[in-house]
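Topology and contacts: notes
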Amino acid sequence: MKARYDGLADWYEARFVAGREPHQPGLLDLLGTGSGPCLDIGCGTGRNFETIRATGRTVVGLDYSADQLQMARSRTDGPLMRADAAVLPFADESFDTVTVMWISTDVDDFGKVLREATRVLRPGGLLVAYGVHPCFNGPHVVWEENGSRLIHPNYRTPGWHEESPWWGEDGIRRRVGMRHAPLAEYLNAFLATDLTVERFEEPGGGDVPHTLAVRARRG
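Within an unreviewed UniProt entry, the label attached to the protein reads Methyltransferase family protein, and the organism entered is Kribbella antiqua.

Encoded structure:
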């Protein structure tokens with residue numbers, strides 16, 4: 001696996017984290033109150049650590065980018081680990097909660113990540129996945145100035161896209177590319193685990209959703 005975000009930590013922090021609201025839309029409600037350790041898979045620079053702590057949980061951060069983790073250190077005195085999300089370095093049933101945020105487009109096999117996340121969850125443990133909406137964000141989408149989206153036929157083309165004519169010159173996708181999964185593939189990844197889905201959400205404002213979130217529990 002390639003650490004695609006190494007070398008981008010300062011840019012990423014300035015573009016997506018600095019000056020933003022401390023809690024991403026709907027995330028506090030999706031998590032609810034809890035306790036015990038929460039594994040934040042793909043934690044990046046630690047944007048969601050404050051939200052996790054606000055629910056009563058403690059943070060264990062994991063990312064594959066050493067640069068991102070170095071910046072995340074300023075947001076926690078808890079454990080941080082550099083590791084592959086698809087091969088988690090934890091024993092079975094280690095965590096009460098797992099969050100998987102904004103990485104479905106950045107990993108080679110999102111289904112494998114979900115299976116690993118389920119493995120390290122305790123029975124009854126909570127998983128929250130939160131990130132790019134497969135229908136309205138991807139190599140098939142043109143963002144219009146009025147907030148609408150123009151969808152091109154390559155929506156059904158899964159896999160890695162290193163380039164798309166619709167990506168802006170200074171966006172994250174121009175820098176790292178993305179793996180696109182059509183909606184059915186994304187949802188079927190959850191059905192292939194021992195998770196029971198409790199809720200789907202499309203958080204945030206706007207008439208066309210940017211984000212898709214899933215709340216589920218291990219059986």
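1. Considering unusual backbone geometry
One non-glycine residue, glutamate 93, adopts positive backbone phi at about 60°. Among the structural elements, glutamate 93 can be located in the loop between strand E3 (80–82) and strand E4 (95–101). Judged by relative accessible area, which is 38%, glutamate 93 ranks as partly exposed. For tryptophan 102, which is not glycine, the phi dihedral falls at a positive 65°. Structurally, tryptophan 102 can be placed in the loop between E4 and helix H5 (110–119). With relative accessibility at 23%, the residue tryptophan 102 sits in the partly exposed group.

2. Focus on the environment of glutamine 24
When you line up the elements, glutamine 24 lands in the loop between helix H1 (9–17) and helix H2 (27–31). With 106 residues separating them in the primary sequence, glutamine 24 and tyrosine 130 have C-alpha atoms 9.7 Å apart. With sequence-adjacent residues up to four places away left out, glutamine 24 is seen in contact with Arg47, Asn48, Trp102 and Tyr130. Among the polar contacts made by the side chain of glutamine 24, one reaches the side chain of tryptophan 102 at a distance of 3.0 Å.

3. Regarding the packing of H5 against helix H7 (residues 183–191)
Remark: H5 packs on H7, axes separated minimally by 9 Å, with the N-to-C direction vectors making an angle of 25°. As judged from the angle between their axes, H5 and H7 are roughly parallel. Both H5 and H7 take part in a crossing whose hand is right-handed. Residue-level inspection shows Phe110, Gly111 and Leu114 of H5 in contact with H7, the latter providing Tyr186, Ala189 and Phe190. Grouping the amino acids of the contact of H5 with H7 by side-chain chemistry returns 5 nonpolar, 1 polar and no charged.

4. Digging into the side chain of serine 65
When you line up the elements, serine 65 lands in the loop between strand E2 (58–63) and helix H4 (66–72). At 2.6 Å, the side chain of serine 65 forms a polar contact with the side chain of aspartate 6. A distance of 3.2 Å separates a polar side-chain atom of serine 65 from the backbone nitrogen of glutamine 68. In contact with serine 65, not counting residues within four places along its chain, are Ala3, Tyr5 and Asp6.

5. Structural notes on the environment of alanine 83
Its location among the elements puts alanine 83 in the loop between E3 and E4. For alanine 83, the residues in contact, after removing those within four places along its chain, are Leu62, Asp63, Tyr64 and Pro89.

6. Focus on the UniProt feature "domain: Methyltransferase type" (unreviewed entry) in the protein
This chain's UniProt record puts "domain: Methyltransferase type" (unreviewed entry) on residues 39–128. Secondary structure over residues 39–128 splits into 26% helix and 30% strand, and the C-alpha atoms at its two ends are 11 Å apart.

Definitions and limits used
Residues numbered from 1 in each chain as written. Predicted model: local features only at pLDDT ≥ 70, side-chain atom pairs only at ≥ 80, totals over all residues. Heavy atoms only, no water. Helix = DSSP H or I, 4+ residues; strand = E, 2+ residues; numbered from the N terminus. Buried < 20%, exposed > 50% of the residue type's maximum accessible area, 1.4 Å probe, protein only. Contact = heavy atoms within 4.5 Å. Polar contact = N/O pair within 3.5 Å; in protein donor to acceptor, adjacent residues only side chain to side chain. Axes fitted to C-alpha atoms, helices over the stretch in contact; angles between N-to-C directions. Parallel < 35°, antiparallel > 145°, perpendicular 65-115°, else oblique. Left-handed = near helix turned anticlockwise from the far one by under 90°. Nonpolar A, V, L, I, M, F, W, Y, C, P; charged D, E, K, R; others polar. UniProt positions renumbered as here; feature names shortened; annotations may be inferred.

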